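Secondary and tertiary structure notes
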Amino acid sequence: MFSMLYNNVEKNPAWLQCAQQGGEFLKNLVTMEIITGILTDKEGRPIVEPYNIFSYTFATMAFGQLSLAAGNEEYADIARKTFDIILSRMDNPKPDGTRSIPGPGISGISPFP
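Residues numbered from 1 in each chain as written. Predicted model: local features only at pLDDT ≥ 70, side-chain atom pairs only at ≥ 80, totals over all residues. Heavy atoms only, no water.

1. Things to note about helix α4 (residues 73-88)
Its 16 residues give α4 an end-to-end C-alpha distance of 23 Å, which sits within 8% of 22 Å, the value for a rise of 1.5 Å per residue. Restricting attention to buried positions, one finds in α4 the residues Tyr75, Ala76, Ile78, Ala79, Thr82 and Ile86. Viewed along the axis of α4, the buried residues span an arc of 155°, placing them on a single side of the element. Opposite the buried face of α4, by more than 90 degrees, sit the exposed residues Glu73 and Ser88. Regarding α4, its N-cap is Asn72, as a side-chain oxygen of that residue lies 2.7 Å from the backbone nitrogen of Glu74 further along. (Helix = DSSP H or I, 4+ residues; strand = E, 2+ residues; numbered from the N terminus. Expected span 1.5 Å × (residues − 1). Buried < 20%, exposed > 50% of the residue type's maximum accessible area, 1.4 Å probe, protein only. Arc of directions from axis to C-beta. Polar contact = N/O pair within 3.5 Å; in protein donor to acceptor, adjacent residues only side chain to side chain.)

Structure follows, in C-alpha cells:
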C-alpha cells in the first residue's frame, strides 16, 4: 500500500520508508514458499501456510510496486519469482489439505496482540 501511494499519489519519503521496512520484513523472515498472507507470530514465524494463490498475488503486487518505488531490482526479482509460483498453481489454485504448520505451541499463539 505504501509503495503504491508513493508511486501514484505523492513521493513522500515516509511512505517509501514504511514500504521498504515491510518489504525487508517479508524478505528476511518469510520464505518464498510461504510468503505473505499468512498468520505469523511476533518473530515472523509462520503459523498457517497459504492455502491458495491469493497470498502470492498480494506479495507479487507489493514487491512489484516496491521495486518501482525503490528502484531495487531485488524486489522485482522477488515479484517475478512469486508470480512464477502463481503460474505453477494455476491448475490447482486452492489445493486440499491442511493449512496448519506443525510445531510446539503453535495452536496457542494468537495472531492478534
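2. Overview of a nonpolar patch on the surface
A surface patch of nonpolar side chains, about 360 Å² in accessible area, is lined by Phe54, Phe58 and Met61. On the basis of relative accessibility, which here comes to 52%, the residue Phe58 falls in the exposed class. (Patch = residues over 30% accessible without salt bridge, like charges linked within 9 Å, V, L, I, M, F, W, Y side chains within 5 Å. Areas by Shrake-Rupley, 256 points an atom, 1.4 Å probe, with all protein chains shown as cover. Salt bridge = Lys/Arg side-chain N within 4 Å of Asp/Glu carboxyl O.)

3. Notes on the environment of Ala62
Positionally, Ala62 belongs in helix α3 (residues 54-70). Residue Ala62 is classed as partly exposed on the basis of its relative accessible area of 36%. The spatial distance from the C-alpha of Ala62 to the C-alpha of Ile78 is 9.9 Å, given a sequence separation of 16 residues.

4. Some points on the packing of aromatic side chains
Counted by the stated rule, this structure contains one aromatic pair. Ring centres of Phe63 and Tyr75 lie 6.0 Å apart, and the angle between their planes is 35°; on these two criteria the pair is classed as tilted. Here Phe63, found in helix α3, pairs with Tyr75, found in helix α4; they are 12 residues apart in sequence, far enough to count as distant. Of the two residues examined, Phe63 and Tyr75, each falls in the buried class. (Phe/Tyr/Trp six-rings, centres within 6.5 Å; stacked < 30°, edge-to-face > 60°.)

5. Examining the pattern of salt bridges
Applying the stated criterion to the full structure yields four salt bridges. The partner of Lys27 in a salt bridge is Glu74, with the nearest N and O atoms 3.2 Å apart. In this pair, Lys27 sits in helix α2 (residues 13-29) while Glu74 sits in helix α4, placing the two residues 47 residues apart along the sequence. Classification of Glu74 by relative accessible area gives partly exposed; the value is 41%. Taken together, the shared-partner salt bridges in this structure form one network comprising Glu24, Lys27 and Glu74.

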